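Report on the structure
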Amino acid sequence: MKLIGNAEILTLGSKGFIHDGAIAIDGETIKEIGQTEELRNKYPDAEFINAEHRLVMPGFLNAHMHLYSTFARGMGLKGEPPKTFGEILKKLWWKLDKNLTTKEELYYSAMVPLIEGIKSGTTAILDHHASFGLIDGSLDIIEKAALDAGVRSVLCYETSDRWGKEARDASIRENVRFIMKKKKDVITEPETLTAATFGMHASLTLSDETLEMSKSEAERLGVGFHIHVAEGEEDVEDSLKKSGVRVVERLKKFGILGDKTLAIHCIHINEKEIDILKETNTMVVHNPESNMNNAVGVAPILEFFKKGILTGIGTDGYTPSMFESVKVAYILPKLHYKDPRVGGGESQKMLFENNRKIFAKFFDKPVGVIEEGAYADIIILDYYPPTPFNADNAFYHLIFGMRDNLVNTTIINGRIVMKDRKLLNIDEEKIMAKSREVAKKFWEKMQND
Ligand SMILES: [Zn+2]
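A short tour of the structure in this document, coming up. From a predicted model like this one, the values you see are computed outputs, not experimental measurements. (Residues numbered from 1 in each chain as written. Predicted model: local features only at pLDDT ≥ 70, side-chain atom pairs only at ≥ 80, totals over all residues.)

For the rest of this paragraph, the subject is the overall build of the chain. Secondary structure assignment for the chain yields 15 helices and 18 strands. What you see for the chain is a C-alpha radius of gyration of 21 Å, in line with the 22 Å of a compact globule of 449 residues. Dimensions of the chain along its principal axes, counting C-alpha atoms only, are 65 × 45 × 45 Å. Taking all 449 residues of the chain together, 51% fall into the buried category. Taking all contacts inside the chain whose residues are at least 6 apart in sequence as the whole, residues at least 24 apart take part in 74%. (Helix = DSSP H or I, 4+ residues; strand = E, 2+ residues; numbered from the N terminus. Rg over C-alpha atoms; globule rule 2.2 N^0.38 Å. Buried ≥ 20, exposed ≤ 12 C-beta atoms within 10 Å, placed from the backbone. Contact = placed C-beta atoms within 7 Å.)

Right, dumping it as structure tokens:
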């Protein structure tokens, strides 16, 4: 048993904000929430974690991430800089994923943002993995990194036709193998940190045949999809050319949408497509910084909210930090619509409510909320509010006053993974040093390709 006490708790649940509160943690779950004195008396033998009146809240959930993107950091590209999103994919990302060929590259490129996530309060990620130089078993390597770091994750492999039929078949096989493995784990071992879904890149690199094959496997396994949707105009043009209909309609036709499917980005979609997302209860994930960086446009977030589409927020590999992502999600609509009234309610809901609802589809107990019975995924921040703080204005304290380096302690699945900004179970310095070594060799490979 652990007891976090002397805590200023933002539960993001029905208990709102609790002053001088305490959280009793039994194993991997939250057993009880109350006042410090009351719970100290009730659980005198529990390991006491003194929050010293810091802010305690649920860890952040990153609803779309690419751990494998790490080695692009600081890497130059040969030739002219990419002019379009299509060129960014071809000159950078597809070249990078093809050159990921070793277990070390996969492991260290995953470890770095997992650690940075812990340090910025992210306790769970929905990852979208691609390493076309090493497909078979790649999700096991990502899983090992996530388990070593102690981070909750939902993993999948980006199925695509971009590197030929053999690679396509291997991608489907990897999804199926890993989904089966996680199903088996539920029965044979109490590993509750990792879940699986079926990954697909985007309509523009998926043939009709691949969509059919993926659908039949996912249906058999009872899972949905994690797929990029209409991120760039290229996706729309390709879909019209291939099928005569736009991206969302094409995906609907092949049975890819539904309440277990994550449609990432959804920038270039029209009203009819928004209606289809709603009718099929498909989830959408917004990644504003990545979209700005790729110059692909602004997702019609306000329309999604008007229609009641479950819209969450991720980082798309642009950053491991949810603070960064939500701050941009907050401010971008104001600039885009030239209206200071928009963006606040939507970004708050994405971060505080909708990501939790999205992750609930993959785990047997709630995450992203401090309530009895939820997984104990909790962060403690060195944040002492300079103005009155309550459940209703907490989000605005976050936007204007909180940042990555205020995260002091991170607890995931009841296990303390970081305390006083020190990672307890892994050697951060050693991992970063090894990552630089592996990345240097990887860059040489990229330069020679
Ligand atoms: Zn992505």
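What follows is about unusual backbone geometry. For Lys338, which is not a glycine, the phi torsion comes out positive at approximately 50 degrees. Position of Lys338 among the secondary structure elements: in the loop between α12 (322-337) and α13 (344-359). Phi at Asn413 is positive, roughly 55 degrees, even though this residue is not glycine. Turning to its location among the elements, Asn413 is positioned in the loop between β16 (407-412) and β17 (415-419).

This brings us to helix α6 (residues 208-221). The first and last C-alpha atoms of α6 sit 20 Å apart over 14 residues, in line with the 20 Å expected at 1.5 Å per residue. Phi turns positive, to about 75 degrees, at Gly222, one or two residues after α6. (Expected span 1.5 Å × (residues − 1).)

The strand order across the open sheet formed by four strands is β6-β7-β8-β9, and the pairing between neighbours is parallel. Edge positions in the open sheet fall to β6 (60-65) and β9 (194-196), since each of these has one partner strand only. Geometrically, the sheet is characterised by an average inter-axis angle of 15 degrees between neighbouring strands, direction not taken into account. Here strand β7 (residues 122-127) pairs with strand β8 (residues 152-155) via three bridges, running parallel. (Pairing = 2+ DSSP bridges. Axes fitted to C-alpha atoms, helices over the stretch in contact; angles between N-to-C directions.)

What follows covers the packing of α12 against α13. The contact between α12 and α13 brings their axes to 8 Å, and the two run at 155 degrees. When the interaxial angle is binned, α12 and α13 end up roughly antiparallel. Pair α12 / α13 crosses with right-handed handedness. Along its contact with α12, which presents Met322, Val326, Ala329, Tyr330 and Pro333, the element α13 presents Gly344, Glu346, Ser347, Met350 and Leu351. Residue composition of the contact of α12 with α13, grouped by class: seven nonpolar, two polar and one charged. (Parallel < 35°, antiparallel > 145°, perpendicular 65-115°, else oblique. Left-handed = near helix turned anticlockwise from the far one by under 90°. Nonpolar A, V, L, I, M, F, W, Y, C, P; charged D, E, K, R; others polar.)

A few words now on the packing of helix α3 (residues 103-119) against helix α4 (residues 138-149). Look at α3 against α4: their axes get within 9 Å of each other, and the N-to-C directions meet at 35 degrees. Note on packing geometry: the crossing formed by α3 with α4 is right-handed. Where α3 approaches α4, its residues Lys103, Leu106, Tyr107, Ala110, Met111, Leu114, Ile115 and Ile118 are matched on the opposing element by Ser138, Ile141, Ile142, Lys144, Ala145, Ala146 and Ala149. Partitioning the contact of α3 with α4 into residue classes produces 12 nonpolar, one polar and two charged.

We now examine the environment of Ala394. Within the secondary structure, Ala394 is located in helix α14 (residues 394-401). Separated by 377 residues in the primary sequence, Ala394 and Phe17 have C-alpha atoms spaced 9.0 Å apart.

Side chains Arg152 and Val154 project from β8 onto one buried face, and the interleaved Ser153 and Leu155 project onto a second face that is buried too. On the question of chirality, the crossover connecting β7 to the parallel β8 by way of α4 is right-handed. Inspection of the sheet shows β8 paired to β9 by three bridges, in the parallel sense. Looking at the pairing, Ser153 lines up with Thr194 of β9. (Right-handed = clockwise from strand over helix to strand, strands pointing away.)

Moving on, we get to α13. Its 16 residues give α13 an end-to-end C-alpha distance of 22 Å, which sits within 8% of 22 Å, the value for a rise of 1.5 Å per residue. The largest bend along α13 reaches roughly 45 degrees and is located at Met350. For α13, the complete set of buried residues consists of Glu346, Ser347, Met350, Leu351, Phe352, Asn354, Asn355, Arg356, Ile358 and Phe359. (Bend = angle between axes of the 7 residues up to and from the residue.)

If you look at the biggest cluster of nonpolar residues, it comprises 132 residues, and the most contacted ones within it are Ile23 and Leu114. Take this core: its biggest share by element is eight residues, from α3. (Core = buried A, V, L, I, M, F, W, Y, C linked by C-beta atoms within 7 Å.)

What follows is about the pairing of strand β12 (residues 262-265). By the bridge criterion, four bridges tie strand β11 (residues 225-229) to β12 in an arrangement that is parallel. Its bridge partner lying in β12, His228 is registered against Ile264. With three bridges joining them, β12 and strand β13 (residues 283-286) adopt parallel strand pairing. Each bridged residue has a counterpart across the sheet, and for Ile264 the counterpart in β13 is Val285. Read from β12 through helix α9 (residues 271-279) to β13, the crossover connection turns out right-handed.

For Ile267, the position within the fold is in the loop between β12 and α9. Its 22 C-beta neighbours within 10 Å are what place Ile267 among the buried residues. Sequence-wise, Ile267 and Val298 are 31 residues apart; in three dimensions their C-alpha atoms are separated by 6.1 Å.

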